[in-house]
Amino acid sequence: MTPHIRVQSEPFSPGEALEGIGAGAAGVGAIVSFTGIVRDLPGGGLLRMEIEHYPGMTERAIGEIADQAVSRWGLADCLVIHRYGALLPGETIMMVGTAAPHRADAFAAAEFLMDYLKSRAPFWKREVTQEGARWVEALDEDEAALGRW
Amino acid sequence: MTPHIRVQSEPFSPGEALEGIGAGAAGVGAIVSFTGIVRDLPGGGLLRMEIEHYPGMTERAIGEIADQAVSRWGLADCLVIHRYGALLPGETIMMVGTAAPHRADAFAAAEFLMDYLKSRAPFWKREVTQEGARWVEALDEDEAALGRW
Amino acid sequence: MTVDVLYFAWLRERIGVPRERIETSAPDVAGLVEELRAREERYALAFSDLSAVRVALDQELATLDAPLAGVREVAFFPPMTGG
Amino acid sequence: MTVDVLYFAWLRERIGVPRERIETSAPDVAGLVEELRAREERYALAFSDLSAVRVALDQELATLDAPLAGVREVAFFPPMTGG
């Protein structure tokens, strides 16, 4: 099956998206979704999160990651939505959804998608506060997470 | 926080339920949902799935499992919905939802909830086909899955 | 003592009732099971393989060697298949 | 050969442009980086720590020793922080 991939600046409804995952596909017993939200900074004060991306490569990189998930875990459906642009604390940044016959596959595929999107899809986050802006640094643990796949 | 637990025979909308998870809670960066669907039998022919439960103990057992998940992974929100009664192929049986600051905790808590609900909440499934009915047998692998926690 | 005994799934089907009130002097669950088995064929059949039977005392999972003192509700059922 | 060179995130900010067309004879990415570094201070600054720089050739992730032959689009950026 062909994964459903959306790269957009507009907000979207995770609930509506969830209702579409696996709809009409046969043999689906398990659906897993992950939704990522802009968190405020520990002490508060985040004015907005800006997300830059690499148009063209973004869709291609997400497509390759999603294709891998589909074939490795035999997914009946696979959804990835990722926003770019300026987002406020509490706004939804992105979502992945997987549908499979059994729960272990749906969970593993969703975690794989998240781990790879985090470090292999060309997005860059920038936190803007009253004091200024700073690019979010990649974490060693995010790179290390790829090792489990 | 107090987990949200619903044991009901009525259908529900996973999309609507997802929109409520973590709503209004501070510091949420990650929301994971699992939705379980009645699958048809491999060769087809499932007329319906009947789910029996133990009223009173069901709510209590789910509550204890959810409380464990909340404290162990520091969840900001936790939802469990489980239906009983007669369900058709394709219908939603149940759903869990977790909200946490980080994705690893939200994923782990959702998988923990599923593993424990499967083997420790008093539900019993019965498959009804044209040929008759049979109680679904617990799988050794479901019991074994508890070992990882 | 008097306890409410509940049966679920195929245990309920084999015994034929979902619940009954039972007068027992058994000290523990295993003793109660022995009393039930001795009653009638349908109980003996339902409890023929104890590895397939789970028990809850007052709605908390328990084991066959758990004491019955103070317990009001005993439930027997097969391994659970929720989720 | 002529390549389109793209910069993202703080590499874009330090260099001051999001993309530019560059005439190069470098055989590989590392050679192109050397040419850029030699151009101006802002490039030297942007490429001062190569462990913090990632590269894509025609929109596929690559490494610094990858050859440039036939490549039309080279992109430099910091480690990605999506999700």
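Residue positions within a chain follow its written sequence, with the count starting from 1. For naming, the first written chain is A and the first written ligand is 1, with later ones following in the order written. Under the rules for a predicted model, residues below a pLDDT of 70 receive no local features and side-chain atom pairs below 80 are neither given nor counted, while totals for whole chains, interfaces and linings still include all residues. Hydrogen atoms and water are omitted, and side-chain values are computed over all heavy atoms in the structure.

## Quick look at the overall build of chain C
Spelled out, the test is: A helix here means a DSSP run of H or I that spans at least four residues, while a strand means a run of E at least two residues long, and both kinds are numbered starting from the N terminus. Radius of gyration here is computed from C-alpha atoms only, and the compact-globule reference equals 2.2 Å multiplied by the residue count raised to the power 0.38. Contact between two residues is taken to exist if any of their heavy atoms lie within 4.5 Å; hydrogens are not considered. For accessible areas, the Shrake-Rupley method is used with a probe of radius 1.4 Å. Any residue's cover is judged against the shown protein chains and nothing else.
Scanning chain C from terminus to terminus reveals three helices and five strands. Ordered by position from N to C terminus, the α and β elements of chain C give β-α-β-α-α-β-β-β. A compact globule built from 83 residues would reach a C-alpha radius of gyration of about 12 Å, and chain C, at 12 Å, matches this within 12%. A principal-axis box enclosing the C-alpha atoms of chain C has dimensions of 30 × 30 × 20 Å. Long-range contacts, defined as pairs at least 24 residues apart, comprise 48% of the intrachain contacts of chain C with a sequence gap of at least 6. Accessible surface for chain C amounts to roughly 3900 Å². Of this, 52% is attributable to carbon and sulfur atoms.

## Some details on the interface of chain D and chain A
For clarity, the threshold we go by: Summed over both partners, buried area is the accessible surface (1.4 Å probe) that two parts give up on being assembled. Salt bridge, as used here: a side-chain nitrogen of Lys or Arg that lies within 4 Å of a carboxyl oxygen of Asp or Glu.
Opposite the 21 residues of chain D that make contact, chain A presents 26 residues. With both sides pooled, the region where chain D packs onto chain A buries about 1900 Å², and carbon together with sulfur makes up 55% of that total. Taken together, the links from chain D to chain A amount to three salt bridges. Measuring nitrogen to oxygen at the nearest pair gives 2.5 Å for the salt bridge that ties Glu52(A) to Arg12(D). No other element matches the four residues that helix α1 (residues 9-15) of chain D contributes to the side of chain D that touches chain A.

## Observations regarding the arrangement of the chains
The assembly contains three pairs of chains in contact; the pair sharing the most contacts is chains A and B. There is a gap between chain B and chain D: no contact, and a shortest C-alpha distance of 10 Å.

## Structural notes on the relation of the copies chain B and chain A
Where we set the bar: The superposition of copies rests on a least-squares fit of C-alpha positions from residues with pLDDT of 70 or more in both.
The transform that puts chain B on chain A rotates by 180° and translates by 0.0 Å along the axis, for an RMSD of 0.0 Å. With respect to symmetry, the two chain copies, as superposed, fit the operation of a two-fold axis. Taking the C-alpha atom as reference, chain B places Gly15(B) closest to the rotation axis, 1.8 Å from it. When you check the interface residues of chain B against chain A, 100% turn up at the interface there too, and the contact is symmetric in its surfaces.

## Observations regarding the environment of Arg39(C)
Residue position: Arg39(C) is located in helix α2 (residues 29-39). Setting aside its immediate chain neighbours within four residues, Arg39(C) contacts Glu20(C) and Ile22(C).

## Quick look at the sheet that holds strand β5 (residues 73-77) of chain D
For sheets, the rule is that strands pair by backbone hydrogen bonds, running either parallel or antiparallel. Residue and element names in this part refer to chain D. Defined as follows: Two strands are said to pair when DSSP picks up at least two bridges between them. The axes are straight lines fitted to the C-alpha atoms, using for helices just the contacting stretch, and the angles between their N-to-C directions are given from 0 to 180°.
Here we have five strands laid out as an open sheet, ordered β2-β1-β5-β3-β4, and mixed in their pairing. With one partner strand each, in any of the chains shown, β2 (19-23) and β4 (60-62) form the two edges of the open sheet. Strand after strand, the sheet turns through a mean of 30° between neighbouring axes, direction not considered. Bridge count for strand β1 (residues 2-7) against β2 is five bridges, and the pairing is antiparallel.

## Let's talk about the pattern of salt bridges
The cut-off we apply is this: The cut-offs for exposure are 20% and 50% of the maximum accessible area for each residue type, with area from a 1.4 Å probe on protein chains only; residues under the lower value are buried, those over the upper are exposed, and the others partly exposed.
Applying the stated rule across the entire model yields 32 salt bridges over all chains. Across the pair Glu13(D) and Arg126(A) runs a salt bridge, and its minimum N-O distance is 3.4 Å. Of this pair, Glu13(D) sits in helix α1 while Arg126(A) sits in strand β7 (residues 123-129), placing the two residues on different chains. For Arg134(B), the salt bridge goes to Glu127(B), with nearest N and O atoms at 3.2 Å. Assessed through its relative accessible area of 13%, Glu127(B) is described here as buried.

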